Structures are given as C-alpha cells and as structure tokens.
Amino acid sequence: MRKNRTIYIFKNSWMILAVVLLVAIFLAINWYYYRRTRFSLDRELSIRLQSLASLVSSTIAPWEDELAAGGIFPEEIPDSVSTFLRDMSREYSLSNITLVREDGQILLSLYPELLSPGDIYPLWRMDHRAIIKALQGAPAATMLYRSPGGDYLKAG
C-alpha cells in the first residue's frame, strides 16, 4: 500500500513558514502596485479636472462681472453657454458644474437641484485649499473623497 505524500510537505515547520512568507510577499507586492496605480489615477484625474476647470472658466469669462455682482442666474445665461456646459458635463461625466464666489456663495450651478445659486457652497471648508489656489489664478483640484452615498468624488 502506498502512502499519500500530498500533506507531508506541510508537516515540516520550515515549509509552512516558507509558504506563509511567499503569500505575504505576494500580497505586499500587489498592495504596492494597487497604491501606486491609485495614486497615478488620482493625479491624472486632477490634471483632467484642472484642464476642464480652465476651459469652463475661460468660457464663462465674458460674464464674469455679471456673475460676481450676482446678476446672472442659470435662466439668464445665454443658450450657447448653457448648452456648452451641459455638453461638458455629459461628455466628461461630471456630476455638476458650479461657480463659487470668493465668499463661498454659489453663483451658478448647472443642476440647481444639487446646489442652488445664492446658497453657500457646502464643501467650502473641505475644498478650501483648492479654492484659494483657484482664486489666485491657478487651476486646482481637490483631494479625492468619498461621499456619504459611497461614491468617490473630486472637484476641480
């Protein structure tokens, strides 16, 4: 009668240690590449959002004085600009396009049911660093954060 040797390999404590060590190394390498890929994707998304923010800002620039004075609301924006903003939102999978004044008041929101013009921007404290940088004239993006609904969000 022949003995079954398949389990014999695990009777040696050195072999168990080697298997555990190999599994730990494998998991550590996978975790490293996961973190590296996530960081790269976050950085690329920041660059994309900064570019889109610059494009939207330059499109809205002719109405900057009226927006700063609070005189323009979504229904008063020319159809070409409104269509452009909706196309940008749809094409780049943006949840909303919002323009915020220096004091935190929302001047324009593409989807007023999400953020109403005239209200205070609810994420002002969380996005403060990026907003200050944008007010100084440089495009900026916020950190990636998780919404209460479980979605990951980032603003530019």
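Residues numbered from 1 in each chain as written. Predicted model: local features only at pLDDT ≥ 70, side-chain atom pairs only at ≥ 80, totals over all residues. Heavy atoms only, no water.

**Quick notes on the overall build of the protein chain**
Right, so step 1: Secondary structure summary: the protein chain contains four helices and four strands in total.
Right, so step 2: Going from the N terminus to the C terminus, the protein chain shows its helices and strands as α-α-α-β-β-α-β-β.
Right, so step 3: Looking at the protein chain residue by residue over its 156 residues, the buried ones come to 22%.
Right, so step 4: Considering only contacts within the protein chain whose residues lie at least 6 apart along the sequence, 35% involve residues at least 24 apart.
Right, so step 5: Carbon and sulfur atoms make up 60% of the accessible area of the protein chain, which amounts to about 11,700 Å² in all. (Helix = DSSP H or I, 4+ residues; strand = E, 2+ residues; numbered from the N terminus. Buried < 20%, exposed > 50% of the residue type's maximum accessible area, 1.4 Å probe, protein only. Contact = heavy atoms within 4.5 Å. Areas by Shrake-Rupley, 256 points an atom, 1.4 Å probe, with all protein chains shown as cover.)

**A closer look at helix α1 (residues 13-60)**
Right, so step 1: Taking 1.5 Å per residue, 48 residues should reach 70 Å; α1 reaches 70 Å between its end C-alpha atoms and fits that length.
Right, so step 2: Along α1, the positions that sit buried rather than exposed are S46, L49, L52, V56 and I60. (Expected span 1.5 Å × (residues − 1).)

**Some words on the side chain of N96**
Right, so step 1: Inspection of the secondary structure assignment puts N96 in the loop between α3 (79-91) and β1 (98-100).
Right, so step 2: Residue classification places N96 among the buried residues on the basis of a relative accessible area of 17%.
Right, so step 3: Excluding its chain neighbours within four sequence positions, the residues that come into contact with N96 are S109, L110, Y111, L114 and L115.

**A look at the nonpolar core**
Right, so step 1: Core analysis: the largest hydrophobic core is formed by 13 residues, its most contacted members being V56, I60, L85 and I97.
Right, so step 2: Elements supplying a minimum of two residues to this core: α1, α3 and β2 (106-109).
Right, so step 3: Considering each element in turn, this core owes the most residues, four residues, to α1.
Right, so step 4: Look past the residues within four positions of V56 in its chain and what remains in contact with it is L85, M88 and I97.
Right, so step 5: Within the second largest apolar cluster, five residues are counted, among which are I106, L115, Y121 and W124. (Core = buried A, V, L, I, M, F, W, Y, C linked by side-chain atoms within 4.5 Å.)

**Here we look at the side chain of S89**
Right, so step 1: Here S89 shows up in helix α3.
Right, so step 2: Accessibility expressed as a relative area gives 4% for S89, which makes it buried.
Right, so step 3: Discounting residues that sit within four places of it in the chain, S89 has contacts with L94, I97, L110 and Y111.

**Focus on the pattern of salt bridges**
It is possible for side chains bearing opposite charge to pair when their charged atoms get close.
Right, so step 1: A complete count under the given rule lists two salt bridges for this structure.
Right, so step 2: A salt bridge links D42 to K154, with the nearest nitrogen and oxygen atoms 2.6 Å apart. One end of the pair, D42, is in helix α1; the other, K154, is in the segment after β4 (152-153), with 112 residues separating them in the sequence.
Right, so step 3: For K154, a relative accessible area of 14% translates into the label buried. (Salt bridge = Lys/Arg side-chain N within 4 Å of Asp/Glu carboxyl O.)

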